[in-house]
Amino acid sequence: MASVGFIGLGNMGLPMAQNLIKAGHRVIGLDVSAAAVGKVKDAGGDAAADVADLARRSDVIVTMLPSGKEVREVYLGAAGIVAHAKAGAVLIDSSTIDVESARAVAKAAHEKGLLMVDAPVSGGVGGAQAGTLTFMVGGTDDAFAKAKPFLDAMGKTIVHAGGAGNGQAAKICNNMILGVSMIAVSEAFVLAEKLGLDAQKLFDISSKSSGQCWSMTTYCPVPGPVPTSPANRDYQAGFTAAMMLKDLRLAQEAAGSAGASTPLGAQAGSIYQRFVDSGEAGRDFSGIIRFLRNSPR
Ligand code: NAD
């Protein structure tokens with residue numbers, strides 16, 4: 001079994017680290033929150049003094065951090081992972097970050113002879129706890145092969161999306177579809193209400209017609225048709241509006257630097273920005289239907 005360093009023990013990282021311990025690995029945890037590290041120790045793991053200490057002691061390092069800024073700091077700083085990792089260490093960044101940072105960090109790791117993948121996830125906190133996450137992985141064939149057994153301990157579907165940064169590219173493209181489709185489905189339910197069409201009837205028809213999509217059939221934004229969707233519990237997150245906004249911004253940054261035309265993605269970003277500004281950052285992203293319902297035409 002391997003020594004796995006884990007940095008970023010938040011809502012997602014802590015259960016992922018716990019699943020690595022359950023799979024029999026020696027996990028060494030690090031977070032700016034001492035309470036989070038305490039939970040890893042309670043689960044049978046160990047603590048690191050700092051990033052350099054963790055890097056020196058780990059065969060594999062997983063990071064699950066808020067954004068590209070923290071990822072660059074933790075990997076590229078003088079006391080960071082790339083400077084202190086053991087020869088042949090496997091580095092896995094599962095944070096959702098910008099493609100540019102992912103590629104810059106992978107390049108620095110590669111230049112030091114380290115194997116690195118970007119491996120953002122979909123599946124949320126529930127998927128992290130159940131060990132059923134989907135990992136979208138960017139990196140060389142060799143890096144992917146070495147990282148895969150560790151990803152298997154935390155997830156169910158592991159897809160190699162291509163070279164460095166392609167995991168992040170897949171993640172932001174997917175979530176741009178999700179942000180746009182949630183708004184489209186919500187607008188349709190609001191219009192149906194105004195036209196006197198019952199929400200359940202629209203669901204019964206659209207979920208079997210060409211309007212069918214995940215935002216309709218799995219995460220329906222009106223209460224009733226899909227009992228497990230957040231609409232049935234006052235839009236408690238789930239996946240927050242702030243996180244959706246973060247991913248839509250990343251998609252727009254990427255579209256800008258790649259020269260891709262994404263007008264609906266841009267519009268979805270500005271609608272989520274207004275939803276977040278209305279005080280709903282912590283609400284589930286499907287609560288956008290309430291914002292649309294109350295917006296003037
Ligand atoms: P979180 O804020 O709960 O966890 C982040 C953790 O990183 C915190 O415990 C924080 O203390 C720690 N941290 C921050 N800077 C650090 C540093 N320099 N050194 C050590 N620790 C540091 O966030 P989360 O919900 O766990 O999300 C983590 C990542 O996963 C994000 O990139 C997010 O976009 C992505 N993601 C989240 C979800 C979700 O549903 N929560 C789903 C898919 C992807």
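Please read these numbers as outputs of a predicted model, since none were measured by experiment.

### Considerations on the site of the ligand
Turning to step 1, where the next piece is worked out: Around the ligand, the structure places 21 residues, and the nearest of them are Asn 11, Met 12, Asp 31, Leu 65 and Lys 246.
Turning to step 2, where the next piece is worked out: A distance of 3.4 Å separates a nitrogen atom of the ligand from a polar atom in the backbone of Val 32.
Turning to step 3, where the next piece is worked out: Taking Lys 246, its side chain carries an N or O atom lying 2.9 Å from an oxygen atom of the ligand.
Turning to step 4, where the next piece is worked out: Here the ligand loses 83% of its free accessible area of 830 Å² to cover by the protein chains.
Turning to step 5, where the next piece is worked out: For the shell around the ligand, the secondary structure elements donating two or more residues are helix H4 (68-76) and helix H12 (241-258).
Turning to step 6, where the next piece is worked out: Residues that form the shell around the ligand fall into these classes: eleven nonpolar, six polar and four charged.

### Here we look at the pairing of strand E2 (residues 26-30)
The side chains of a regular strand alternate between the sheet's two faces.
Turning to step 1, where the next piece is worked out: Counting buried positions along E2 yields four of five residues, so the element is predominantly enclosed.
Turning to step 2, where the next piece is worked out: A crossover links strand E1 (residues 3-7) with its parallel partner E2, the connecting element being helix H1 (residues 13-22), and its sense is right-handed.
Turning to step 3, where the next piece is worked out: Across two bridges, E2 lies against strand E3 (residues 46-47) in parallel orientation. Paired with Gly 29 across the two strands is Ala 47, which belongs to E3.

### Points about a nonpolar patch on the surface
Turning to step 1, where the next piece is worked out: On the surface, Leu 191, Leu 195 and Leu 197 cluster together into a nonpolar patch covering about 300 Å² of accessible area.
Turning to step 2, where the next piece is worked out: Residue position: Leu 195 is located in the loop between helix H9 (166-194) and helix H10 (199-206).

### Comments concerning the domain arrangement of the protein chain
Turning to step 1, where the next piece is worked out: Splitting the protein chain by domain gives domain 1 (3-163) and domain 2 (169-293).
Turning to step 2, where the next piece is worked out: The distance between the C-alpha centroids of domain 1 and domain 2 comes to 29 Å.
Turning to step 3, where the next piece is worked out: When residues of domain 1 are sorted by the area they lose upon contact with domain 2, Thr 96, Val 99 and Met 136 head the list and together hold 52% of the total.
Turning to step 4, where the next piece is worked out: One can count zero salt bridges joining domain 1 with domain 2.
Turning to step 5, where the next piece is worked out: Here domain 1 is connected to domain 2 by three residue pairs in polar contact (both at pLDDT 80 or more).
Turning to step 6, where the next piece is worked out: Residue composition of the side of domain 1 that touches domain 2, grouped by class: six nonpolar, three polar and one charged.

### A few points about the pattern of salt bridges
Turning to step 1, where the next piece is worked out: Across all of its chains, the model carries eleven salt bridges by this definition.
Turning to step 2, where the next piece is worked out: A salt bridge links Asp 59 to Lys 86; its shortest N-O distance comes to 2.9 Å. Within this pair, whereas Asp 59 is found in the loop between helix H3 (51-57) and strand E4 (60-63), its partner Lys 86 is found in the loop between helix H5 (81-84) and strand E5 (90-93), the two being separated by 27 residues in sequence.
Turning to step 3, where the next piece is worked out: Taking the relative accessible area as the measure of exposure, Asp 59 reaches 29% and is therefore partly exposed.

Parameters at a glance
Residues numbered from 1 in each chain as written. Predicted model: local features only at pLDDT ≥ 70, side-chain atom pairs only at ≥ 80, totals over all residues. Heavy atoms only, no water. Near = heavy atom within 4 Å. Polar contact = N/O pair within 3.5 Å; in protein donor to acceptor, adjacent residues only side chain to side chain. Areas by Shrake-Rupley, 256 points an atom, 1.4 Å probe, with all protein chains shown as cover. Helix = DSSP H or I, 4+ residues; strand = E, 2+ residues; numbered from the N terminus. Nonpolar A, V, L, I, M, F, W, Y, C, P; charged D, E, K, R; others polar. Buried < 20%, exposed > 50% of the residue type's maximum accessible area, 1.4 Å probe, protein only. Right-handed = clockwise from strand over helix to strand, strands pointing away. Pairing = 2+ DSSP bridges. Patch = residues over 30% accessible without salt bridge, like charges linked within 9 Å, V, L, I, M, F, W, Y side chains within 5 Å. Salt bridge = Lys/Arg side-chain N within 4 Å of Asp/Glu carboxyl O. Domains from an automatic or database assignment. Buried area = accessible area lost by both parts, 1.4 Å probe.

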